[in-house]
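The primary structure of each chain is shown beneath.
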Amino acid sequence: MPAKEDNSEKEKSLDLFLKIGLDERTARNTIANNKVTTNLTAVIHEAGVTDGCSRSVGNLIYTVATKYPGNALPHRPTLLQYVVSSKVKTTAQLDAALSFLATTGIENLDLNKFEEACGVGVEVSAEDIKHAVNEVFEQNKASILELRYRTNVGELLGHVRKRLPWADAKAVKQLVDAKLYELLGDKTAADNEKPSKKKKEKPAKVEDTAAPVATPEKAPEEDINPYSIFPNPEENLKVHTEVPFSDGSILRCCNTKALLDKHLKVTGGKVLTRFPPEPNGYLHIGHAKAMFIDFGLAKDRDGGCYLRYDDTNPEAEKKEYIDHIEEIVQWMGWKPFKITYTSDYFQELYELAVELIRKGCAYVDHQTPDEIKEYREKKLNSPWRDRPVSESLKLFEDMRSGLIEEGKATLRMKQDMQSDNYNMYDLIAYRIKFTPHPHAGDKWCIYPSYDYAHCIVDSLENVTHSLCTLEFETRRASYYWLLHALGIYQPYVWEYSRLNISNTVMSKRKLNRLVTEKWVDGWDDPRLMTLAGLRRRGMTSTAINSFVRGIGITRSDGTLISVGRLEHHVREEMNKTAPRTMAVLHPLKVVITNLEANSAIEVDGKKWPDAQADDPSAFYKVPFSNVVYIERTDFRMQDSKDYYGLAPDKSVILRYAFPIKCTEVILADDNETILEIRAEYDPSKKTKPKGVLHWVAQTSPEVDPLKIEVRLFDRLFLSENPAELDNWLGDLNPQSKVVIPNAFGLSSLRDAKVGDSFQFERLGYFTVDQDSTPEKLVFNRTVTLKDSYSKGGK
């Protein structure tokens, strides 16, 4: 029955949205989003167009429903009357109106200023548009004639828009297109040619007559500067959020002018953010995004970012994690304005809790965790909710003094147990824990909750922008309710989407289980998406930050980012920074029969593909002797047209050295296992085979090349989203780590240090691991050579 009712409501909404002129696809996409459906339905009723309206009006109403600033809701009906009466009739006018109202907030609306700001009553005739377009073309005629149809039309439209901000955009576009055709005529073959792209790593040929280069389209400001979406501290007078209560009242949270002035006086108007990790595990790549936003915004605005440890749970926190976090923050390239701990403020937090009780906004409760859960599910008040203030004050002091057993009492905020928001169900502010604190010692036996402490410490530290992931959006009501109840400064809160990476898990609980149950080799296992693991694997902080910047800091949630996208950024950087060398993972011996056993020829290997002959530092020496090793996979007994490796009576080129031809194959007694290959080399290099193989040679008779251990890492989980699986541990990839203990490398690798990175030609990018010893180097494969992301990865 509920499903039928749900379908019936959706059909009603669909019918309503079609009546205002939305196309069916947009209407159906809208009803799939409950939030937008609710907003649009309310706006249609406010506008009084439930019986329908023109498509142009309906599209504007849809924009109001999806873009209206939440801090100016009292003025929405006024704007809708302007839309319905066609006083605001273009998207340009509506955008200007929304911008004006966002600045106005809940203050009284000056209709004269409003109408002036969004061009009410301004009529733009076809003749006006024609005149403006002609002016723009006359001023840019020379450039247009040079660039022809590669002219940036967007810039031309922008020039017209500056002259006539309220002109119909469609009419302007049509006239600009017509004017272009009038001036240039039909497109020529040259107009249809795509601008030639420069090939990578090759200097472009100089042409006698270069084709004119099109003016690039201007990127949105957010693409240029991702932090431009955030307001300045002095703008923090707007309503942050509305907290609806079950009795019908609405709390509109915002700073008073006196509170904001006091805040600005302390901060000097500078931006202050905070990065607040909980020291109960190692940081992962999701924290890299948080750091990019928190530290990046502060740096962009010449402000400061606190590194604040959210250390309110002494049972889960360790000194190891605290030290690790500080080290990783620095490795990621960020410098904290100040390092603080939530525990630094335990005294202030306690005093404010007492104040909250005195105001009748908190009470001591004796319900068990199970009882609290049951009462919340039933939306029932605690039996102790209305106990006298004096009684709660006395009991809270007893809690602090250690006179009440652990689990026998909590301090809860008196919020709204009948709210539609679960995070307003009288959240716990303090609980009893007889556990020494790693930073505060044994002074306290009561500890504040995250929901209580986080917002208050934001306020005490005068944080201007409190930035967090979208799962905290429902806690915004509680955040502002508490600051409002205490009458203290309210930071600006903004939520962004979490960073979800494919083929891994990101929750600390799951990561902790992988580590403690030894499914992986510690928090810095290179298969994990911990920043310590990525660093050990060979990924750099600059590549990780580049990856995060490329994703952006939007609020769109639920997107699973392919791990290939991260690898793409790493590969792009290592291609420029990792010198080339050669190694053989599965060696197959090749004896060169026409080269003397004791002789060796040195050839030059290139560290970089574009190495210049006059730059000795771009080359390294590679010894070529009568015994070399190639990959077993580069030899077959049966040749084929599409195979470029070595086979009997077939030739290949050894990279940087000589062509060789297989003359004999030495088999084991089973007549299957290949023991070695006999070959002859062509010292004249007249042979020109297509296949090119990497190789490693013996530097002296009967002495193996440099032995190295190579670890090949792959996706930790087989499924793209293992977190969704009930048996997520059963999805672990058995081939996520393959150890090759007896690979061979060139002798030039002998002096490589931990953290040094190389491209092993034809194999991938590798980094020296911390397990290396003077006797044996260990290399981790950081990424493969193949860039699957650029070929369609998400």
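Criteria and cut-off values
- Residues numbered from 1 in each chain as written.
- Predicted model: local features only at pLDDT ≥ 70, side-chain atom pairs only at ≥ 80, totals over all residues.
- Heavy atoms only, no water.
- Pairing = 2+ DSSP bridges.
- Helix = DSSP H or I, 4+ residues; strand = E, 2+ residues; numbered from the N terminus.
- Buried < 20%, exposed > 50% of the residue type's maximum accessible area, 1.4 Å probe, protein only.
- Contact = heavy atoms within 4.5 Å.
- Core = buried A, V, L, I, M, F, W, Y, C linked by side-chain atoms within 4.5 Å.
- Salt bridge = Lys/Arg side-chain N within 4 Å of Asp/Glu carboxyl O.
- 1 Å grid on protein atoms, 1.4 Å probe; cavity = no way out; pocket = protein on both sides within 12 Å on 5 of 7 lines; lining within 4 Å.
- Points joined across faces, edges and corners; volume = space filled by probe spheres on them.
- Nonpolar A, V, L, I, M, F, W, Y, C, P; charged D, E, K, R; others polar.
- Lys, Arg positive; Asp, Glu negative; His and termini not counted.

### Some words on the sheet that holds strand β16 (residues 587–592)
Logical step 1: An order of β23-β20-β21-β22-β16-β19-β24 is seen for the seven strands of this open sheet, with the pairing classed as mixed. The outermost strands of the open sheet, each flanked by one partner alone, are β23 (692–693) and β24 (696–697).
Logical step 2: Here four bridges tie β16 to strand β22 (residues 674–681), and the two strands are oriented parallel to one another. By the bridge assignment, Ile592 is partnered in β22 with Ala679.

### Let's talk about the environment of Tyr227
Logical step 1: With respect to the helices and strands, the residue Tyr227 is situated in the loop between α13 (221–224) and β1 (241–244).
Logical step 2: A relative accessible area of 5% means that Tyr227 is categorised as buried.
Logical step 3: In this structure the C-alpha to C-alpha distance between Tyr227 and Ile553, which are 326 residues apart in sequence, comes to 8.5 Å.
Logical step 4: In this structure, Tyr227 is in contact with Phe292, Ile293, Gly296, Leu297, Asp300, Arg301 and Ile553, ignoring residues within four places of it in sequence.

### A short note on the nonpolar core
Buried together is how nonpolar side chains tend to be arranged in soluble globular proteins.
Logical step 1: Counting residues in hydrophobic clusters, the biggest one holds 48 residues, and the most contacted among them are Phe275, Ile285, Met291, Ile501, Leu531, Phe547 and Leu566.
Logical step 2: Breaking this core down by element, the ones donating at least two residues are α15 (285–300), β4 (304–309), α16 (319–331), β11 (492–496), α23 (531–537), α24 (541–551) and α25 (563–577).
Logical step 3: Broken down by element, this core gets its largest block of residues, nine residues, from α15.
Logical step 4: Ignoring any residue separated from it by four or fewer positions in sequence, one finds Phe547 in contact with Ile285, Leu499, Ile501, Ile561, Arg565, Leu566 and His569.
Logical step 5: Core analysis: the second largest hydrophobic core is formed by 47 residues, Val354, Tyr452, Ala453 and Ala477 among them.

### Brief notes about the pattern of salt bridges
Logical step 1: Taken as a whole and assessed by the stated rule, the structure comprises 44 salt bridges.
Logical step 2: Of the charged contacts in the structure, one is a salt bridge between Arg536 and Asp524, with a shortest N-O distance of 3.4 Å. Residue Arg536 is located in helix α23, and its partner Asp524 is located in the loop between α22 (508–516) and α23; the two are separated by 12 residues in the primary sequence.
Logical step 3: Owing to a relative accessible area of 14%, Arg536 belongs among the buried residues under this scheme.
Logical step 4: Note that Arg678 and Glu676 form a salt bridge whose closest N and O atoms lie 2.6 Å from each other.
Logical step 5: Here Glu676 falls in the buried class, since its relative accessible area comes to 14%.
Logical step 6: The structure contains a network of salt bridges with shared partners spanning Asp524, Arg536, Glu709, Arg711, Asp769 and Asp771.

### Quick notes on helix α21 (residues 476–486)
Logical step 1: The buried fraction of α21 is high, at 10 of 11 residues.
Logical step 2: With its phi angle positive at about 70°, Gly487 sits one or two positions after the end of α21.

### A short note on the layout of surface pockets
Logical step 1: Approximately 970 Å³ is the volume found for the second largest pocket.
Logical step 2: Lining of the second largest pocket is provided by 33 residues; of these, Glu278, His287, Tyr450, Glu471 and Phe472 occupy positions nearest its centre.
Logical step 3: Counting only elements with at least two residues in the lining of the second largest pocket, the list comes to β3 (272–275), α15, α20 (450–460), β10 (465–469) and α22.
Logical step 4: At five residues, the largest contribution of residues to the lining of the second largest pocket is made by α15.
Logical step 5: Among the residues forming the lining of the second largest pocket, the class breakdown is 11 nonpolar, 10 polar and 12 charged.

### So, the side chain of Asp310
Logical step 1: One can find Asp310 in the loop between β4 and α16.
Logical step 2: Nearest to the buried, unbridged Asp310 among oppositely charged side chains is Arg308, at 6.7 Å.
Logical step 3: If we skip the residues at most four places from it in the chain, Asp310 touches Pro276, Pro277, Glu278, Pro279, Glu317, Thr342 and Tyr450.

### Focus: empty space enclosed by the protein
Logical step 1: If you walk through the whole model with that rule in mind, you get three cavities of 30 Å³ or more.
Logical step 2: For the largest cavity, the calculated volume is near 140 Å³.
Logical step 3: Contributing to the lining of the largest cavity are 13 residues, with Tyr450, His454, Phe472, Arg475 and Tyr479 lying nearest its centre.
Logical step 4: Only α20, β10, α21 and β11 provide two or more residues apiece to the lining of the largest cavity.
Logical step 5: Ranked by the residues each element gives to the lining of the largest cavity, the list is headed by α20, at four residues.

### What about the pairing of strand β26 (residues 737–745)?
Logical step 1: Two elements, strand β15 (residues 583–584) and β26, share two bridges in a ladder whose sense is antiparallel. Bridge pairing in β26 places Ala583 opposite Gly745.
Logical step 2: Judged from the seven bridges that link them, strand β25 (residues 706–713) and β26 form a sheet pairing that is antiparallel. Across the sheet, Arg711 pairs through a bridge with Val739, a residue of β26.

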